[in-house]
Amino acid sequence: MNNTDYHIPVMKHEAVEQLLSNNDGIYVDATLGYGGHTRLILEKTSSKSKLYGIDKDIDAIEFNKKELAQEKRFTLKHGCFSSLDEYAKTWNIYGSVNGILFDLGVSSVHLDSADRGFSFNKNAPLDMRFDRTHGKCVSQLINELPESEIESILKLYGQEKFSRRIAKNIIKHRSNNPIENTLELVDIINKSVIVNDKNKHNATRSFQALRIFVNKELDVLREVLHKSYNILAPKGRLVLITYHSLEERVIKDFIIFCDNNQNTPRKMPIKKDFLKKMFTVIKKVKPSDKEISLNPRSRSAKINVLEKQ
Ligand SMILES: C[S@@+](CC[C@H](N)C(=O)[O-])C[C@H]1O[C@@H](n2cnc3c(N)ncnc32)[C@H](O)[C@@H]1O
C-alpha cells in the first residue's frame, strides 16, 4: 500500500509559501509524516538548499527512507522535535535555520491503521503512541492511573463534560478486566455519556485527550517553541499548522511570553522602541472552502506564521 495515496497534506501550498523566504535556505520539517510538505519544499528550493525531516513514528521514517533515498539535500531523523536544538547542533545548523514547519497531530495514516489505536471507529489495541519504541501506551495508563488523574486528563485535554462518569466507569470495568482495545473503551464512554452530541462521536473528546496525554503533545510543543529562537537565523520563520484550540492556546501563550520577555532588565530606563521583540506574528491562514470539501481533515486547521525579529 502506498501511504501517500491516503494522506492528503493540509494547506500544503499555503504553508510552504510562508516557510520559504530563501530558495537556497536551510529548512526543517519537524513533523515529516508521509512527506507531503517535504516533497513540495524540495521541489520549490534550489540545489544549494538543505532540508531536515524529523518524525517520532518509525513507520513514517521507514517510508521516507525509501521514498527520499536519492535526495542528497535531505536528512532524516527519528526523534521528537523537542530535541531539535540538539539535532541542529549535531547537523551544524544551530542559529542558521530559515524556517521550521510543524504540521501537528495525527496523520490520516495513523487514523486508518488497524493496529495503532488512534481511531474510535476501528477495533485495535489501545496504543496511540506516535513513537512505539518509547513509553507507556494508553491501555497501560488507563489500567494503572488513579481515577482522579484519569478524570483530570479527560477534562483538561478533551474538555469532556462527563469526565467524572467516564473515569468512574473505567475504574469499575478494569477491576474485573483490563481495558485493552479501542472498542472496549468506546463502549465504556458510550455508557457514561448522558447527553449525546449530534455532531460528534461520544468518544471524540476522550480519544483526543488520551492521545495528547500519552504523547505529551502540548509539553513538547511548548518546549520547542521556547528553543526555536536560538535555532533560527535572523528573520527565520515558524510555520505551525494546528488542529484544535489547545494547540492554539500554547502558541498564544508563547506569543504573550515573547511580547513580555524582551531580554532587558525591567527597571532599566530604556526607550520602548529600543527593546527587541523575539517574534512577530506575520500571518494566519485558514483553509479554503474548496480544500475543506476535498479534505475534511483540514476543516479545523489554521496556519500561524511567526517571524524571528
Ligand atoms: C499531521 S502528520 C504530518 C503530515 C505531513 N505533513 C505530510 O504531509 O505527510 C504529523 C506527524 O508528526 C509526527 N509527530 C507528532 N508529534 C511529533 C513530535 N513531537 N516530534 C516528531 N514528530 C511528531 C507524527 O508521528 C505524524 O507523522
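Conventions used here
Residues numbered from 1 in each chain as written. Predicted model: local features only at pLDDT ≥ 70, side-chain atom pairs only at ≥ 80, totals over all residues. Helix = DSSP H or I, 4+ residues; strand = E, 2+ residues; numbered from the N terminus. Rg over C-alpha atoms; globule rule 2.2 N^0.38 Å. Buried ≥ 20, exposed ≤ 12 C-beta atoms within 10 Å, placed from the backbone. Contact = placed C-beta atoms within 7 Å. Pairing = 2+ DSSP bridges. Axes fitted to C-alpha atoms, helices over the stretch in contact; angles between N-to-C directions. Domains from an automatic or database assignment. Nonpolar A, V, L, I, M, F, W, Y, C, P; charged D, E, K, R; others polar. Parallel < 35°, antiparallel > 145°, perpendicular 65-115°, else oblique. Left-handed = near helix turned anticlockwise from the far one by under 90°. Near = placed C-beta within 6 Å. Arc of directions from axis to C-beta. Expected span 1.5 Å × (residues − 1). Core = buried A, V, L, I, M, F, W, Y, C linked by C-beta atoms within 7 Å.

### So, the overall build of the protein chain
For the protein chain, the helix and strand inventory stands at 13 helices and seven strands. In terms of overall size, the protein chain behaves like a compact globule, its C-alpha atoms giving a radius of gyration of 21 Å where 309 residues would be expected to give roughly 19 Å. Projected onto the principal axes, the alpha-carbon positions of the protein chain cover approximately 60 × 55 × 40 Å. Counting only residues that meet the buried cut, the protein chain has 41% of its 309 residues in that class. A sequence separation of at least 24 residues applies to 67% of the contacts in the protein chain between residues at least 6 apart.

### Overview of the sheet that holds strand 2 (residues 50-55)
Strand order in the open sheet made by the seven strands is 3-2-1-4-5-7-6, with mixed pairing throughout. At either margin of the open sheet sits one strand with a lone partner, and together these are strand 3 (74-78) and strand 6 (279-285). Adjacent strand axes in the sheet meet at a mean angle of 15°, parallel and antiparallel pairs treated alike. Examined bridge by bridge, strand 6 and strand 7 (residues 302-308) share six bridges and lie antiparallel to one another.

### Some thoughts on the domain arrangement of the protein chain
Along its sequence, the protein chain is organised into domain 1 (3-109 + 217-308) and domain 2 (132-214). Just the C-alpha atoms count here: the centres of domain 1 and domain 2 sit 31 Å apart. Taken together, the contact between domain 1 and domain 2 spans four residues of the former and four residues of the latter. Considering only residue class, the side of domain 1 that touches domain 2 consists of three nonpolar, no polar and one charged.

### Section: the packing of helix 11 (residues 217-231) against helix 12 (residues 245-260)
One can describe the packing of helix 11 onto helix 12 by two numbers: an axis separation of 10 Å at closest approach and a directional angle of 25°. It follows that helix 11 is roughly parallel to helix 12 by the angle criterion. Handedness of the helix 11/helix 12 crossing: right-handed. Of helix 12, the residues touching helix 11 (which contributes Leu218, Leu221, Arg222 and Leu225) are Leu246, Glu247, Val250 and Phe254.

### Some details on the site of the ligand
Taken together, 20 residues are adjacent to the ligand, and Pro9, Thr31, Gly33, Gly36 and Asp57 come closest. Mapped onto the shell around the ligand, the elements with two or more residues apiece are helix 2 (36-44) and strand 2. A per-class count over the shell around the ligand returns eight nonpolar, eight polar and four charged.

### A look at helix 3 (residues 58-67)
Given 3.6 residues per turn, any residue in an α-helix points the same way as the ones three and four places further on. Listed in full, the buried residues belonging to helix 3 are Ala60, Phe63 and Asn64. What you see down the axis of helix 3 is that its buried residues fit within an arc of 95°, all on one side. Away from its buried face, by an angle of more than 90 degrees, helix 3 presents the exposed residues Glu62, Lys65 and Lys66. Turning to helix 3, the residues buried within the fold contact strand 2 and strand 3.

### Overview of unusual backbone geometry
Phi angles above zero are rare outside glycine, and methionine 128 is one such case at about 70°. The buried category is assigned to methionine 128, around which 25 C-beta atoms lie within 10 Å. Of note in the backbone geometry, glutamine 159 takes a positive phi value of approximately 45° without being a glycine. Mapped onto the fold, glutamine 159 is located in the loop between helix 7 (147-158) and helix 8 (163-174). On the basis of neighbour counts, which here come to 14 C-beta atoms within 10 Å, the residue glutamine 159 falls in the partly exposed class.

### A word on helix 7
With twelve residues, helix 7 ought to run about 16 Å at 1.5 Å a step, and its terminal C-alpha atoms sit 16 Å apart, in line with that. Every buried residue belonging to helix 7 is among Ile150, Glu151, Ile153, Leu154, Tyr157 and Gly158, and all of these are buried. Angularly, the buried residues of helix 7 cover 165° about the axis, an arc narrow enough to put them on a single face. Where helix 7 is buried, its residues meet helix 6 (138-144), helix 8, helix 10 (204-214) and helix 12. Where helix 7 ends, the next residue or the one after it, glutamine 159, has phi of about 45°, a positive value.

### Section: the nonpolar core
Ranked by size, the top nonpolar core spans 48 residues in total, and within it Ala15, Leu19, Val28, Ala30, Leu84, Val239 and Ile241 carry the most contacts. Counting residues per element, this core draws most heavily on strand 5 (residues 232-242), at five residues. Contacts of valine 239, omitting those with residues within four sequence positions, involve Ala15, Gln18, Leu19, Gly99, Leu101, Ile303 and Val305. Of all hydrophobic cores here, the second largest spans 25 residues; its members include Leu126, Leu210, Ile212 and Phe213.

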